[in-house]
Amino acid sequence: MRIQTIQEGFTAGSVTPLIHGRMSSDIYNESVALMNNMISTSHGPAIRRPGTRNIVQLKRQVTEDNNILLENGTDTLYLEDGSGSYLTEAAGVVKNPIIPFAAGTPYFHTTLHISPSFATMYDKNGVINISAADIEFSNPWASKDLDLLAWVQLPGINPRLIIVHPDVAPYELKWTGTTFTLTLITFTVPPWTTPIWPEAVGYYEGRLIFGSSKTQPERSWLSKVNDHYNFTAGSGAADSFSFDLDKPGKIKWIEGLDTLLLGTGSGIWDITPFSNTSLLGPGNYKAKRRNSFAAYSFYHYVDDTGVIYIAQEGKRVYSIRPGTQLDKDYKSDEPSFTGRHLLENKINNISGVQYPHSIVFMPRNGGVIGMTHSPEKLPYSGWHHHTTLGTIYDMYSIFDNGEYLTFVTINYEGIVYLLRLDWDYPLDSNKLVTPSPASAILTGLSHLEGESVYVWANNKSYGPHTVVSGQITISEATSTAVVGLGFSSKIITRRLSKSSPFGPDQGLIKRWNKIGVRVGIGQRPKLNGSRPANAEPNDPSVDYNSTEDVMVSNMGFSKFGHVTIEEDTAAPLMVAALFGQVSSETV
């Protein structure tokens, strides 16, 4: 019996069971039944999700299940409420909305943790101060306010972050060159008065733009050009002006791409000048609705293809992409069409990275949903589910110095930590340990006290080991090790269906006479619960330069012919293809 290829790629990831019978479709042939803690790539293989690098345990714990995280690069500003521990989660409540903020030299990469009475500054490694003192200042937002904040950063020498709330006057967070300040904005001719304030904010063509209030939900206010706090109306091209959309629906987000886009309760609107050679200005604008898929919240993600946003009560994801000409060829679709089974719980936020893979992350109750999104390469998106110990509240990615940095806040046993995705090592809450001289004793692990951990050192996996008094001992000395919490990365293939002279065999029982999984060099994952003989990841007999495929024989009959591929140590895993010898019989 000849060996045949069963699956050449995994680009579609985990797809809704509604597609599991469509064996002739490309989506079906590139999909799996389950992809947990694995990521589908646009090239074809599936890889283990990144681990997380421990940065710091937050100095100020919170009493509510919502807080705000602002960051850019390793810059992170996050706002929380009170002190103590988190309350029980509420379904669909936003946890730690994250706000991009690039500060100036020498604190370009900082973390600012804010509560109603204090704020504390960190750097990307968890320690920062000015004049040997923690940076703390007050802010105006109560616990009930945090879910409704919106923000935008303005360009300039001294960066400014504008933060708005429907019941609180807009504030400005600013790096002055020596410290950070949070101050109430003083406007010239403000179009709002207490207690009614704008709910959305954006920036486009030199104008600070506010949108929607409780009394004027469809209105947008645009500042004078390059005079961001001046709302003096006039007829000049650079003067401030306002306009209303002609369909009911609050403005949720404001984004400048090729044109000005407004995400609203009535769909996505495109605002353009009458003349393509001029800029928006008083009397020189027109609004056109590009789709009717209502934006659900402020949270949206901009990549190099357009805007991806949350819709339909937090249970759908839509995208809108500009065409090649102004005011033409906008494309709108629903990437979540094949991943709806993963969106039964509301999405809390949406973020993403474009390197090393184009991935959109969506935290929600029960983990993080991932979407591999490359519309210029693939006509569909790949979906995957990610879990870890503790509750992930939020995450946000930024591009800095040629790389994407993704930050995560997580509540583990009542303690909230700030973490960063680590694409090099699939271990959570991990720490780099560099004993000198080389040693088998690895110390400095107090944040993992009492936990069962794995180690990646000497190009192989060790463990599990239990952390006692902040340290563990492995079997060999090393000068560099990464220690962290292990997690299970698992793929369960879809129902096996192959062509035969008698037609498709979805209704037949199958037997894998021999199966092969093409993986990365030296990788030996478990297949249907068993690891190949003499191929434990920490077994010295394993040749990590081997290019042989993993082979397992005589796996027995089953109705669906599922194959489970799993790795639960510190070892990497890339699954490129599935092939083998299959026989089938009638039910």
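A.B. asks: Explain the overall build of the protein chain to me, using residue names and the numbers behind them.
C.D. replies: In terms of regular secondary structure, the protein chain is built from one helix and 47 strands. A total of 587 residues make up the protein chain; the buried ones form 57% of that total. A separation of at least 24 residues holds for 60% of the contacts in the protein chain among residues at least 6 apart in sequence. With the model as given, the accessible surface of the protein chain reaches about 23,400 Å², and the carbon-plus-sulfur share is 49%.

A.B. asks: Residues and numbers for unusual backbone geometry, please.
C.D. replies: Backbone torsion omega between Ser-436 and Pro-437 reads 0°, so that peptide bond is classified as cis. With respect to the helices and strands, the residue Pro-437 is situated in the loop between β35 (428-433) and β36 (439-442). Cis geometry is adopted by the peptide bond preceding Pro-464, which originates at Gly-463 and carries an omega value of 10°. Among the structural elements, Pro-464 can be located in strand β38 (residues 460-466).

A.B. asks: Can you explain the sheet that holds strand β14 (residues 168-175)? Please cite residues and give values.
C.D. replies: Overall, antiparallel pairing links the four strands, which are arranged β12-β13-β14-β15 in an open sheet. Each having just a single partner strand, β12 (150-154) and β15 (180-184) make up the two edges of the open sheet. Strand-to-strand twist across the sheet, computed as the mean angle between neighbouring axes with direction ignored, equals 20°. As paired strands, β12 and strand β13 (residues 160-165) are joined by five bridges and run antiparallel to one another. Bridge assignment links Ala-150 to a residue of β13, and that residue is Val-164.

A.B. asks: So what's going on with the confidence of the model for the protein chain? Which residues, and what values?
C.D. replies: Model confidence for the protein chain is summarised by a mean pLDDT of 80, while 74% of its residues fall at 70 or above. When mean pLDDT is compared element by element in the protein chain, strand β18 (residues 219-222) scores highest at 98, while strand β7 (residues 68-72) scores lowest at 34. Confidence drops under a pLDDT of 50 for residues 104-119, and excluding neighbours within four residues, the segment shows 83 contacts in the predicted structure. Low pLDDT, under 50, characterises residues 540-545; the predicted model gives this stretch 14 contacts beyond four residues in sequence or across chains.

About the thresholds
Residues numbered from 1 in each chain as written. Predicted model: local features only at pLDDT ≥ 70, side-chain atom pairs only at ≥ 80, totals over all residues. Heavy atoms only, no water. Helix = DSSP H or I, 4+ residues; strand = E, 2+ residues; numbered from the N terminus. Buried < 20%, exposed > 50% of the residue type's maximum accessible area, 1.4 Å probe, protein only. Contact = heavy atoms within 4.5 Å. Areas by Shrake-Rupley, 256 points an atom, 1.4 Å probe, with all protein chains shown as cover. Pairing = 2+ DSSP bridges. Axes fitted to C-alpha atoms, helices over the stretch in contact; angles between N-to-C directions. pLDDT = per-residue confidence, 0-100.

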